[in-house]
Amino acid sequence: MNRKAVVLLSGGLDSATVLAMVKAQGFEVYALSFDYGQRHRAELDAAAKVARALGAADHRVVKLDLSLFGGSALTDTSIAVPTEGSSGIPVTYVPARNTVLLSVALAWAEVLYAGAIGIGVNAVDYSGYPDCRPEYIAAYETMANLATKTGVEGERLQLLTPLIDLPKSDIIRQGVALGVDYSLTVSCYQADTAGAACGVCDSCRIRHAGFVAAGVADPTRYQAGVTPAAS
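Since the model is a prediction, treat every value here as computed from it, not as a measurement.

(A) Structural context of the pattern of salt bridges. Under the defined criterion, the tally for this structure stands at nine salt bridges. The shortest N-O distance in the salt bridge between Asp 35 and Arg 41 comes to 2.5 Å. Of the residues examined, Asp 35 reaches a relative accessible area of 13% and is grouped as buried. Arg 60 is the salt-bridge partner of Asp 58, the closest N and O atoms lying 2.8 Å from each other. Arg 60 gets classed as partly exposed once you look at its relative accessible area, which sits at 43%. Through salt bridges with shared partners, a single ionic network connects Asp 35, Arg 41 and Lys 63.

(B) Examining the state of the cysteines more closely. Applying the stated criterion across every chain, the model contains zero disulfides. The thiol sulfur of Cys 198 is not disulfide-bonded, and the nearest other cysteine sulfur, from Cys 188, lies at 3.5 Å. No disulfide involves Cys 204; its nearest neighbouring cysteine sulfur is the one of Cys 188, lying 3.6 Å away.

Here is what the cut-offs are and how they apply
- Residues numbered from 1 in each chain as written.
- Predicted model: local features only at pLDDT ≥ 70, side-chain atom pairs only at ≥ 80, totals over all residues.
- Heavy atoms only, no water.
- Salt bridge = Lys/Arg side-chain N within 4 Å of Asp/Glu carboxyl O.
- Buried < 20%, exposed > 50% of the residue type's maximum accessible area, 1.4 Å probe, protein only.
- Disulfide = S-S within 2.5 Å.

Structure, rendered in structure tokens:
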């Protein structure tokens, strides 16, 4: 296997940091984004900017419409995006999203003979999604090496999850050290067409609190009149 890695790039803070970290490990990075029927395309525009800024060898966008099924506030506009924290798995969870997206990334990785797939899952400052947990990643990596020609022929594919145990503040500090321009990123669940953030959704709250804790000025563009809420 060569030193190529497919990195899932949503256009948000975490995925941009992962791309920078994987590249810093010496991999040639191939960015993969998804137009999956999410509420807005601003994050896809952000992903294109991040891929260029961080020097991805290639950036592909796959259209895969999960809004056909709905079941999430991110893919069904009849379900409101919550503006307050809640217990349990929130309605912003997209059913089986990471499993679906990683499987497409796995297919491209096989074609590229890539030795790794990078994904920005986090089990510390996150919304409680089941497909962001370490045990899920370990199980998926095992499956990937059982289910592919690459794995059967003895070449092991690795899932890179460098953020999984990091608080958001440490993620931001590491990204800043690697030259990530977070003003290019869009994390908001309901950003406007220009990518300006609402400041009140779960993702906005966690992101803003991370910048505050890191002692880094928040470069997020917020919608007019918005003061970002604390997490």
